[in-house]
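# A look at the structure
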Amino acid sequence: MRRLAPVTVVLTGALVLAGCGSGDSQNGSKAELSVGGAYMPQPVSDSMAAGFLTVTNKGGTKDELTSVTSDVGDVTAHETVGSSMQEAKDVAVPPHGQLVFKSGGSHLMFEKLKRKPKQGEKVTVKLHFAESGTVTVEMPVKSATYSPKTGH
């Protein structure tokens, strides 16, 4: 009997934790993020580049993109307001929705490039979210004139 007591405690603890986890996902009470469609057109400038991707939230609560980091340079999120571009802070990812960075609209701006990414390479980008933590994305570098078929 003594040997079974620790096993019973461990199993009970595991079942309690499993119950908590499944309740969260069934109710959609937290953000569930995924990233797709990421790419960077090969920069034409030695100091600046743009990046595009879509963050999808299948969860029931919003999250916020608080910052972006990369080993190739400084990265900020920009949005187009009217006819001008401005830096965006704490960009919302709505519940059951998307945050879309696409050509001609909101985008990631890479500045002070440490190196000029070339077509065929991948750039590592870390997206930092208020609730979901850090999501690392390998962003392929495409031709300077690349235009995805999905509308990014």
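Residues numbered from 1 in each chain as written. Predicted model: local features only at pLDDT ≥ 70, side-chain atom pairs only at ≥ 80, totals over all residues. Heavy atoms only, no water.

### Digging into the confidence of the model for the protein chain
Atomic detail in the predicted coordinates should be set aside for any region of low pLDDT. Across the protein chain, the average pLDDT comes to 84, with 80% of residues at 70 or higher. The spread of mean pLDDT over the elements of the protein chain runs between helix α1 (residues 4-27), the lowest at 38, and strand β9 (residues 122-129), the highest at 98. (pLDDT = per-residue confidence, 0-100. Helix = DSSP H or I, 4+ residues; strand = E, 2+ residues; numbered from the N terminus.)

### With respect to unusual backbone geometry
Phi angles above zero are rare outside glycine, and Asp90 is one such case at about 45°. Here Asp90 shows up in the loop between β5 (84-88) and β6 (91-93). The phi torsion at Lys112 lies on the positive side, around 50°, for a residue other than glycine. Examined against the element boundaries, Lys112 turns out to sit in the loop between β8 (107-111) and β9. On the basis of relative accessibility, which here comes to 64%, the residue Lys112 falls in the exposed class. (Buried < 20%, exposed > 50% of the residue type's maximum accessible area, 1.4 Å probe, protein only.)

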